[in-house]
Amino acid sequence: MKKFSLFIVAFLLISISVFAQKPQKLTSNQIYEKIQKLNFLGTALYIAAHPDDENTRLISYLANNVKARTGYLSLTRGDGGQNLIGPEIRELLGVIRTQELLAARSIDGGEQFFTRANDFGYSKHPDETLEIWNEKEVLSDVVWAIRTFKPDVIINRFNHKTPGTTHGHHTASAMLSVAAFDLVGDENQYAEQLEYTETWQPKRLFFNTSSWFYNDQAAFDNATKGKLTSFDVGVYYPLKGLSNNELASMASSQHLCQGFGRVTTRGAQKEYVEFLKGEQPKDPNDIFSGINTTWNRLEKGGDIGAILYEVENNFDFVNPSKHIPNLMRAFQLVKELEDAHWREIKEKQLKEIIEACTGLYIEASANSSSGIPNAAINVDFEVLNRSDINMVLTSITSTLDKKTIYKGFELAQNKKFTFKESVLLKTDEFTDPYWLKKEASLGMYTVDNQLLIGKPETPRVVKVDFNLIINNMTITITKNVVMRYAEKDKGEIYEPFEISPKITTRITEKVLVFSDNIPEKISVEVRAGANYVSGKVRLKVPENWSVTPKETTFNIAQKKDKQTIVFLVTPPKNKSEGNIEVVATSEGKTYKKELIEINYNHIPKQTVLSESKAKVVRLNIKKAGSYIGYIKGAGDAVPESLRQIGYTVENINPLEINEKNLLKYDAIVLGIRAYNVVKELKFKQKFLLEYVEKGGNMIVQYNTNRGVDVGAPFTLELSRDRVTDEFAEVEILDESNSLLNFPNKITAEDFKGWVQERGLYFPSSWSIEYTPILSMHDKGETPKNGSLLIAKYGKGNYIYTGLSFFRELPAGVSGAYKLFANMLSVGKEVSR
């Protein structure tokens, strides 16, 4: 068992590595667990607002102990959060967090769903949330998720009765779940959905409560006495060599961009759910009590159950292939079920089990990880039967062009068959996150295809059906086309196959700031999606801007190669903002997309197609000093933004900081959450403060307030204070302060056009040495004066700011650039 436990741990760790695309190869223990799950016909849906809101302990318990089909409906993709592992924010962060949720579900055994709601950032009340989201549409998506997933029980993560006490998205998720519970069974509600699905009524609704929602444990016990169902979610799974809590910890650790990496835990632990609506469970300790979760819940399901319960009760761990005759017989009966919902689910489960029991390995691997629409690709096929079961590969069928190629291979035990075929990519669609294909509003993504709504990602369309005869019965197993290859330092890698445009382009800088009217060179990368690509490319510039040349040619021989073309862009003399768009043409077709690749070790590689453009800003900005040292924190694009306005920015390695090597900088900036994530800073803080004391200028951007000491020279207490309304009025508290006057005059106009929020995690109290510069607040709240503080320390200046420069600078907000330049210039008035 020790060896097997180590194997399982290794297997789960592999699932979060660069090998995330490898096909799952089930052990006998895992096959047996799949059969147990096959024989439980009950479904639970967990509902919350964001990635990382889900209770992985409860999801894992339901999926692995109860054996229920368990789903998590996250209303958003977490687009409005921060990113601790890279520079991606907004929509690209949502793509990362989607994949992290899928990675979590691959460990805890759940399934993943979403609505079209856009995470627009922190919200302090559900009324604001539902207004921005479009309550009717998000409620429609919750109803759709319930009608299509058909849960017997629903569990809310948050309390619907306490608006204003937590994140507005949290409360809204619970409110919408409660409302949907009463609507899903009514054919007059969202009737347009019934073209694709049918009404459904869950049996009961719960709230996953805990003492966290109360002041203390005593208040929780008093308020919920006699009202709760509880579970010990610390159960141990001998077949896995892991406890439920270990699985849950590993699942939640997939949320790496949010800093959720954690140690595993073990031992007994209680989870509680409070009954809200529906039929009371007959057994207070079983949320499925009174619900038929056997095969007998289906008409003619009893015959199937008689076969499959026998397989489960007498499972042969040494030779699982001995069960193939019964499994194939059950499969034929499942195909005859009248209940289409359960028929689809159980067919899929049985195919996976049959494939695993025979040791069947089938693969379709392309010679490249991408192709262009309506082109042919070469695919290598591998088919291997590792059992003594009679098996024939009769044919393969490409699901795109419907082309069937007959084979007639008798798959003898352990005899590998390999062959090559050409597959036509008969489609005009690209591989792209479906929710990003059209422009979104602040609160909602636009998705016109009802059948896509709720899906975690765009379904893969490049597939191959392997048509087989197993034990004299027909069965079709479908596989995605992938690209399998090896790298010497990583080993075997599987990449998903993408359909990409023939030509994509990219402006290397997403925001271009012109501090004067001198022309600047703008580089455009042209990328080939096929061999021998040629055409023309031009820049479409705003009015009063000019560009040379007007148009130029490109010629690229090799697929995936790039050609860089340089344009000279001249801004107007006066202040101006707009977008530069790249337009490429080839063989009569126009191409306006950029291909963005997101590649982290813990998730599969992702590609996103966005408009190929950049924001241009003509800004009359002044600055003092030019050489900036930057200590990276959790990841932001501030250094690149500062280079745009003429600063030389050097990244500082915290390990190399000493009493001498900081003096060369005109200012030192610490990136967002630096003190949260850079452990070395607590040992180097004395050198940073010595730099300030000797006349340096140090700017510290926001840190979260949990268990962190920013080592400020004077007393500074961080809090969770934030201003979420990007339009909130900003009051200037100290008009004469140099931060607002040198070298740029800062006025109320400079706080227009900000995005998502004003700032977050402001200090709530500070000593008299600090001067607060600005005051702001959300509607109905008291003023927050801690967004920008400055203190004289020795000969230099220490600045702490919670303003969201990490969002505003990459968005090209003019006023944010001016204010940041002033912070970098503090103390340099005398030298001028």
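Use the structure listed above.
Residues numbered from 1 in each chain as written. Predicted model: local features only at pLDDT ≥ 70, side-chain atom pairs only at ≥ 80, totals over all residues. Heavy atoms only, no water.

Engineer: What exactly am I supposed to notice about the sheet that holds strand 5 (residues 204-207) here?
Structural biologist: For sheets, the rule is that strands pair by backbone hydrogen bonds, running either parallel or antiparallel. Taken in spatial order, the 7 strands make up an open sheet running 3-2-1-4-5-9-6, and their pairing is mixed. Strands with a single pairing partner mark the edges of an open sheet, and in this sheet they are strand 3 (111-114) and strand 6 (228-232). On average, each strand axis in the sheet is tilted by 30 degrees relative to the strand beside it, whichever way the strands run. When strand 1 (residues 43-48) meets strand 4 (residues 153-156), the two strands line up parallel, connected through 4 bridges. Pairing of alanine 44 across the sheet is with valine 153, part of strand 4. (Pairing = 2+ DSSP bridges. Helix = DSSP H or I, 4+ residues; strand = E, 2+ residues; numbered from the N terminus. Axes fitted to C-alpha atoms, helices over the stretch in contact; angles between N-to-C directions.)

Engineer: Could you clarify how one ought to interpret the packing of aromatic side chains in this entry?
Structural biologist: Centre distance and the angle of the planes are the two values used to describe a pair of aromatic rings. Taken as a whole and judged by the stated rule, the model has 26 aromatic pairs. Plain terms: the ring middles of phenylalanine 40 and phenylalanine 288 are 5.5 Å apart, the flat faces sit at 85 degrees to each other, and that makes the pair edge-to-face. Residue phenylalanine 40 is found in the loop between helix 2 (28-38) and strand 1, and its partner phenylalanine 288 is found in the loop between strand 9 (270-278) and helix 10 (301-313); the two are separated by 248 residues along the sequence. Between phenylalanine 409 and phenylalanine 417, the aromatic rings sit 4.8 Å apart at their centres with planes inclined by 15 degrees, giving stacked as the arrangement. (Phe/Tyr/Trp six-rings, centres within 6.5 Å; stacked < 30°, edge-to-face > 60°.)

Engineer: Quick question: what am I supposed to make of the packing of helix 10 against helix 11 (residues 324-334) here?
Structural biologist: Packed helix pairs are specified by the crossing angle of their axes together with the interaxial distance, meaning the distance between the axes. Axis separation between helix 10 and helix 11 bottoms out at 9 Å; the angle between their running directions is 155 degrees. When the interaxial angle is binned, helix 10 and helix 11 end up roughly antiparallel. Crossing handedness for the pair helix 10 and helix 11: left-handed. Contact residues: Asp303, Ile304, Ile307, Leu308, Glu310 and Val311 in helix 10; Asn326, Leu327, Arg329, Ala330, Leu333 and Val334 in helix 11. In terms of residue class, the contact of helix 10 with helix 11 is made up of 8 nonpolar, 1 polar and 3 charged. (Parallel < 35°, antiparallel > 145°, perpendicular 65-115°, else oblique. Left-handed = near helix turned anticlockwise from the far one by under 90°. Contact = heavy atoms within 4.5 Å. Nonpolar A, V, L, I, M, F, W, Y, C, P; charged D, E, K, R; others polar.)

Engineer: Looking at this model, I keep getting lost on the nonpolar core. Mind explaining?
Structural biologist: As a rule of thumb, nonpolar side chains are buried together in soluble globular proteins. Counting 55 residues, the largest nonpolar core has Trp295, Leu327, Phe466, Leu468 and Ile470 as its most contacted members. Those residues in contact with phenylalanine 466, other than ones at most four positions away along the chain, are Ile362, Glu363, Ala364, Phe381, Val383, Leu393, Ser395, Ile396, Ile475, Thr476, Ile477 and Lys479. (Core = buried A, V, L, I, M, F, W, Y, C linked by side-chain atoms within 4.5 Å. Buried < 20%, exposed > 50% of the residue type's maximum accessible area, 1.4 Å probe, protein only.)

Engineer: Just checking my understanding: could you explain the sheet that holds strand 14 (residues 404-410) for this structure?
Structural biologist: Strand order in the open sheet formed by 4 strands is 14-13-16-17, and the pairing between neighbours is antiparallel. The open sheet has two free edges, formed respectively by strand 14 and strand 17 (473-480), since each of these has just one partner strand. The average angle at which neighbouring strand axes cross in this sheet is 20 degrees, direction not considered. Where helix 11 meets the sheet, its contacts fall on strand 16 (463-470) and strand 17, and the angle it forms with strand 17 comes to roughly 85 degrees. Of the strands in this sheet, strand 16 and strand 17 are in contact with helix 12 (residues 340-357), which crosses strand 17 at around 95 degrees.

Engineer: I keep staring at helix 9 (residues 244-252) and nothing clicks. Help me out?
Structural biologist: Count 3.6 residues to each turn of an α-helix, and residues three or four apart come out pointing the same way. Summarising burial for helix 9: 9 of the 9 residues are buried, a large majority. Where helix 9 is concerned, the buried positions are Asn244, Asn245, Glu246, Leu247, Ala248, Ser249, Met250, Ala251 and Ser252.

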